[in-house]
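Structural description and commentary
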Amino acid sequence: FGEQVASKDGLNDPTFVPEGRQNAWLEWIPEQWNDFCQKHRNANYLILGGDISDGPQTKTLGVDSFATSTDDQVDMAVKLLKPLIGPRTKVYGINGSGYHGGEAQGTCIDKRITEKLGGTFKANVFEFEVGKEKIQVAHGAGTTNNPLNYLLREIMLSKTDAQKRKIQSPTIIERNHLHLMFSVQDSAGVWGVLNGCWQYTTPFMQNKSANITPSIGGTII
């Protein structure tokens, strides 16, 4: 799940949107989110991939947010995520980027949201096994706009690192951050998955490229 609660272009519960700050995106997306929650509630695992909230917005002095209080953002995200959690759902969260997570201000919003939902925070990398699959989740880096090259590089690095450490390498690698939905499988059958987001195109993203529209949604494995 991401990105980012409290952004004027993000996913927000209508009850938290200040009067006069509504826009077409904020009116449309809650219905899509409610539909997603109804379809996918009570999964075995709910993995929060970082950058759940917009954070303090230090780069733009808060002009792209309608709530820069980290306490408010935690409460907003928790209210949105609770409908996804059922009796069997185990919740895990990882760190996003420090800019959105509030680390420069001495807090970690992703950690606070995860723990307030009764979940376990796993810092920067979370690996777990389900049957024959070993899944590795990390927020990821935003150094490239080419998802194919990025995921293939992550798969290659995971194999090299596992060989060095003499452990089993992941069979599924999941990353976030780039706001795009993309997947690729290498010749050995390892899947690289890039998770989408719940945020529309922002001025920050348009400055990177005029031709990258975010993918709305989540990854179901």
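In this report, the structure presented in the accompanying data block is examined. Just so we're clear, the structure is a prediction, and the values are computed from it rather than from any experiment. (Residues numbered from 1 in each chain as written. Predicted model: local features only at pLDDT ≥ 70, side-chain atom pairs only at ≥ 80, totals over all residues. Heavy atoms only, no water.)

1. Points about the overall build of the protein chain
Each helix and strand counted, the protein chain has six helices and eight strands in total. Along the protein chain, helices (α) and strands (β) appear in the sequence α-β-α-β-α-α-β-β-β-α-β-β-β-α when read from the amino end. Against the compact-globule benchmark of 17 Å for 221 residues, the protein chain has a radius of gyration of 17 Å, which places it among compact chains. Principal axes of the C-alpha set define a box for the protein chain whose edges measure 55 × 40 × 35 Å. (Helix = DSSP H or I, 4+ residues; strand = E, 2+ residues; numbered from the N terminus. Rg over C-alpha atoms; globule rule 2.2 N^0.38 Å.)

2. Side note on the sheet that holds strand E8 (residues 191–194)
Taking strand neighbours across the sheet as the criterion, the five strands line up as E4-E5-E6-E8-E7 in an open arrangement whose pairing is mixed. Two strands close off the open sheet at either side, each with one partner strand: strand E4 (125–130) and strand E7 (182–185). For this sheet, the mean inter-axis angle between neighbouring strands, taken without regard to orientation, is 15 degrees. Sheet topology note: the strand E5 (residues 133–138)/strand E6 (residues 172–175) ladder contains three bridges and is parallel. Residue pairing across strands places Gln136 opposite Ile173, the latter belonging to E6. The sheet contacts of helix H5 (residues 147–165) involve E6, E7 and E8, and relative to E7 the element is tilted by about 50 degrees. (Pairing = 2+ DSSP bridges. Axes fitted to C-alpha atoms, helices over the stretch in contact; angles between N-to-C directions. Contact = heavy atoms within 4.5 Å.)

3. Structural notes on unusual backbone geometry
The phi torsion at Ala6 lies on the positive side, around 90 degrees, for a residue other than glycine. Assignment of secondary structure puts Ala6 in the segment before helix H1 (24–40). Assessed through its relative accessible area of 0%, Ala6 is described here as buried. The residue Lys166 is not glycine, and still its phi comes out positive at about 60 degrees. (Buried < 20%, exposed > 50% of the residue type's maximum accessible area, 1.4 Å probe, protein only.)

4. So, helix H2 (residues 70–81)
Taking 1.5 Å of rise per residue, 12 residues should cover 16 Å, and H2 covers 16 Å from first to last C-alpha, within 8% of that figure. Those residues of H2 that fall on the buried side of the exposure criterion are Thr70, Gln73, Val74, Met76, Ala77, Val78, Leu80 and Leu81. Of the surrounding secondary structure, the elements contacted by the buried residues of H2 are H1, strand E1 (45–48) and helix H4 (109–116). (Expected span 1.5 Å × (residues − 1).)

5. Notes on the nonpolar core
Taken as a class, soluble globular proteins show a tendency for nonpolar side chains to be buried jointly. Formed by 27 residues in total, the largest nonpolar core has its most connected members in Trp33, Leu48, Leu81, Leu84 and Ile113. Looking at this core, the elements that each hand over two or more residues are H1, E1, H2 and H4. Grouped together as the second largest cluster of nonpolar side chains are eight residues, Tyr92, Ile94, Phe128 and Ile172 included. (Core = buried A, V, L, I, M, F, W, Y, C linked by side-chain atoms within 4.5 Å.)

6. Concerning the pairing of E8
Moving residue by residue along a regular strand, the side chains alternate between the two faces of the sheet. Bridge count between E6 and E8: four bridges; the pairing is parallel. Among the inter-strand pairings, Glu174 is bridged to a residue of E8, identified as Val193. Sheet topology places E7 next to E8; four bridges connect them, and they run antiparallel. Bridge pairing in E8 links Gln185 to Trp191. In this structure, the hairpin formed by E7 and E8 is closed by a connection of five residues, where Gly189 is found at a positive phi of approximately 90 degrees.

7. Things to note about the layout of surface pockets
Size it by volume and the largest pocket reaches roughly 660 Å³. Looking at the largest pocket, it is lined by 26 residues, and the ones nearest its centre are Tyr45, Ile47, Thr219, Ile220 and Ile221. Put simply, the parts of the chain that give the lining of the largest pocket at least two residues each are H1, E1, E4, E5 and E6. Taken together, the residues of the lining of the largest pocket sort by class into 16 nonpolar, eight polar and two charged. For the second largest pocket, the calculated volume is near 390 Å³. In this structure, the second largest pocket is lined by 23 residues; those nearest its centre are Tyr99, His100, Thr202, Phe204 and Met205. Mapped onto the lining of the second largest pocket, the elements with two or more residues apiece are helix H3 (98–101) and helix H6 (203–208). Residues that form the lining of the second largest pocket fall into these classes: five nonpolar, 11 polar and seven charged. (1 Å grid on protein atoms, 1.4 Å probe; cavity = no way out; pocket = protein on both sides within 12 Å on 5 of 7 lines; lining within 4 Å. Points joined across faces, edges and corners; volume = space filled by probe spheres on them. Nonpolar A, V, L, I, M, F, W, Y, C, P; charged D, E, K, R; others polar.)

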